[in-house]
Amino acid sequence: MSHRGARDDDDSCGSNRKVAYVYSPEYIEHCDSLSKVPNRASMVHSLIEAYGLLKHVSTIKPQVASIEDMAKFHTDSYLEHLHKISQDGDNDDPQSVDYGLGYDCPVVEGIYDYAAAVGGATLTAAQCLVDQKCEVAINWAGGWHHAKKDEASGFCYVNDAVLGILKLREKYERVLYVDVDLHHGDGVEDAFSFTSKVMTVSLHKFSPGFFPGTGDLCDTGLGKGRWYAVNVPLEDGIKDDRYYQTFTSVMQEVRAQFNPEAMVMQLGADTMAGDPMCSFNMTPVGVGKCLQHVLEWQLPTLLLGGGGYNLANTARCWTYLTAAVLGKTLSSEIPDHEFFTEYGPDYSLEISPSCRPDRNDTKHLDQVISTIKGNLKNVV
């Protein structure tokens, strides 16, 4: 992140990419209302706008998903229940607990409309790629990777990532899903665990008692999908360099063996230093290098958000990544805008790593990578 501003003539890698950015004021308003991340969607969009990045993307108004759209993955009974309780914010329906609604996924009025908005936005982005109107499509308010076909889970009411993959599968034979959120992408892995048409790769914290508790190295898919799920379990404290080395080692092998035709990447920002999850010790620069690595493959690529509970750092991260996709360099100074005061005390785009130990042992990580490479040799 150098100190010169974004330059229009910056023709470094990526500046000629056709990038679609899913946005409407109504969509952002829907997403802002989600209780776990209040106003986050507005903060992200406002910072991207303040840096002048919107003039380099095609802004696409998202469609709202119909019940039929969402039923491509979710069960009718789950969607009907979500619709029913959403109308009056009914928290006391005894059936809700069967559908994962309650503790982690509170019932609030309008929750169905929120799910339909997020699902529709990711489908709109995926459709842009299918229609070859863009090379990269972005929905930062998407990436809700924990939802199952018949239950909400981990703040996720609709699995928009799965819906996006299914949309891409209408055109592309092999779709790769890459998840760099702090948490295991369990809902997406489960959805495709029996197929060889979608490979899921998740790098995440794996530790006793840490949500969702799945995604061990030995979880590799089932039936025809065996070896098509790749899990990279990590310990607390990992920083940019080691993460990037691990990521590239795994992804080179994934590309060689699976040879994807399109890609969906979930970029949850709860890995950042300063996140309340207090687990990984990453900065946007490290995640940006991982993103650049896969963008070099020049596949139709759908980018989604996900976790990220330090709201200012999440906006910093996704704004930096948006610039990276566009081949733009951003000024270090946060521009004046609606949420400027949230970026104190330094008002800088950079995120500094914390002074915490990296609990990942080099020898162990090498062993993990070696096991994954061995597993991938089974991909036919």
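Residues numbered from 1 in each chain as written. Predicted model: local features only at pLDDT ≥ 70, side-chain atom pairs only at ≥ 80, totals over all residues. Heavy atoms only, no water.

Trainee: Sorry, what's going on with the overall build of the protein here?
Mentor: Each helix and strand counted, the protein has 11 helices and eight strands in total. A compact globule built from 380 residues would reach a C-alpha radius of gyration of about 21 Å, and the protein, at 19 Å, matches this within 12%. For the C-alpha atoms alone, the extent of the protein along its principal axes is close to 55 × 50 × 40 Å. When burial is assessed residue by residue, the protein has 59% of its 380 residues classed as buried. Residue pairs at least 24 apart in sequence account for 79% of intrachain contacts in the protein once pairs closer than 6 positions are excluded. Total accessible area on the protein stands at roughly 15200 Å², and carbon and sulfur atoms take up 48% of it. Separation between the mean location of the 32 positive side-chain charges and that of the 52 negative ones in the protein comes to 9 Å. (Helix = DSSP H or I, 4+ residues; strand = E, 2+ residues; numbered from the N terminus. Rg over C-alpha atoms; globule rule 2.2 N^0.38 Å. Buried < 20%, exposed > 50% of the residue type's maximum accessible area, 1.4 Å probe, protein only. Contact = heavy atoms within 4.5 Å. Areas by Shrake-Rupley, 256 points an atom, 1.4 Å probe, with all protein chains shown as cover. Lys, Arg positive; Asp, Glu negative; His and termini not counted. Charge placed at Lys NZ, Arg CZ, Asp CG, Glu CD.)

Trainee: Help me understand the packing of aromatic side chains, please; the structure alone is not making it clear to me.
Mentor: Within a pair of aromatic rings, the relevant descriptors are the distance that separates the centres and the angle that separates the planes. Tallied over the full model, the rule gives eight aromatic pairs. Considering the side-chain rings of F340 and Y347, the 4.6 Å spacing of their centres and the 15° angle between planes classify their relative orientation as stacked. Using a relative accessible area of 30% as the deciding quantity, one classes Y347 as partly exposed. Against the face of F210 rests K205, its NZ or CZ located 4.5 Å from the ring centre. The ring of Y244 carries the charged tip of K289 above its face, separated from the ring centre by 4.4 Å. (Phe/Tyr/Trp six-rings, centres within 6.5 Å; stacked < 30°, edge-to-face > 60°. Lys NZ or Arg CZ within 6 Å of the ring centre and 35° of its normal.)

Trainee: It is not clear to me how the confidence of the model for the protein should be interpreted in this structure. Could you clarify?
Mentor: Detailed reading of the predicted coordinates is not advisable wherever pLDDT is low. Per-residue pLDDT for the protein averages 94, and the proportion of residues at 70 or more is 96%. A low-confidence stretch, residues 1-12 stays under pLDDT 50, and its non-local contacts, those more than four residues away or across chains, total 30 contacts. (pLDDT = per-residue confidence, 0-100.)

Trainee: Help me understand the side chain of H293 in this model?
Mentor: Mapped onto the secondary structure, H293 falls in helix α9 (residues 284-295). Residue H293 is classed as buried on the basis of its relative accessible area, which comes to 12%. Setting aside its immediate chain neighbours within four residues, H293 contacts Y244, F247, T248, M251 and Q252.

Trainee: Looking at this structure, I do not really get the nonpolar core. What am I missing?
Mentor: What tends to happen in soluble globular proteins is that the nonpolar side chains get buried as a cluster. The biggest cluster of nonpolar side chains holds 71 residues, and the ones touching the most others in it are L176, M199 and M251. Looking at this core element by element, the count peaks at nine residues for helix α10 (residues 311-326). Listed in part, the 59 residues of the second largest apolar core include A41, V107, A125 and F192. (Core = buried A, V, L, I, M, F, W, Y, C linked by side-chain atoms within 4.5 Å.)

Trainee: Explanation requested: the pairing of strand β5 (residues 198-205) in the structure shown.
Mentor: One face of the sheet, then the other: side chains in a regular strand alternate in exactly this way. Within β5, eight of the eight residues are buried, which leaves the element mostly enclosed by the surrounding structure. Because side chains alternate across β5, one face comprises the buried residues V198, T200, S202 and H204, and the other comprises M199, V201, L203 and K205, equally buried. The pairing of strand β4 (residues 175-179) with β5 spans five bridges and is classified as parallel. Among the inter-strand pairings, V175 is bridged to a residue of β5, identified as V198. (Pairing = 2+ DSSP bridges.)

Trainee: Sorry if this is basic, but what is going on with the environment of R174 here?
Mentor: Looking at the element boundaries, R174 is found in the loop between α6 (160-169) and β4. For R174 and A229, which are 55 residues apart along the polypeptide, the C-alpha to C-alpha distance reads 13 Å. Setting aside residues no more than four positions away along its own chain, R174 makes contact with K197, F258, N259, P260, E261 and A262. A polar atom in the side chain of R174 sits 2.9 Å from the backbone oxygen of N259. (Polar contact = N/O pair within 3.5 Å; in protein donor to acceptor, adjacent residues only side chain to side chain.)

Trainee: Which parts of the structure should I look at to understand α10?
Mentor: At 3.6 residues per turn, the α-helix brings residues three or four places apart onto the same side. Over its 16 residues, α10 extends 23 Å from the first C-alpha to the last, a length consistent with the 22 Å expected when each residue adds 1.5 Å. Counting buried positions along α10 gives 15 out of 16 residues, so the element sits mostly inside the fold. Two residues or fewer after α10 comes G327, characterised by a positive phi angle close to 70°. (Expected span 1.5 Å × (residues − 1).)

Trainee: Before we go on, may I ask you to explain the packing of helix α8 (residues 240-258) against helix α11 (residues 362-376) in this structure?
Mentor: If you want to describe how two helices pack, look at the angle between their axes and the distance between the axes. It is the contact of α8 with α11, at a shortest axis distance of 10 Å, that shows an interaxial angle of 10°. The pairing of α8 with α11 is recorded here as roughly parallel in orientation. Here α8 contributes R242, T246, S249, V250, E253, V254 and Q257 to the contact with α11, which in turn contributes T362, L365, I369, I372, K373 and L376. (Axes fitted to C-alpha atoms, helices over the stretch in contact; angles between N-to-C directions. Parallel < 35°, antiparallel > 145°, perpendicular 65-115°, else oblique.)

Trainee: How should the sheet that holds β5 be read in this particular structure?
Mentor: Spatially, the eight strands line up as an open sheet ordered β2-β1-β3-β8-β7-β4-β5-β6, and their pairing is parallel. Where the open sheet ends on each side, the last strands, each with one partner, are β2 (58-60) and β6 (229-234). Within this sheet the neighbouring strands show an average axis-to-axis angle of 15°, counted without direction. Both strand β3 (residues 136-139) and strand β8 (residues 301-304) contribute to a ladder of four bridges, which runs parallel. Following the sheet pairing, I138 is matched in β8 by L303. Lying over the sheet, α11 contacts β5 and β6, oriented at roughly 175° with respect to β6.

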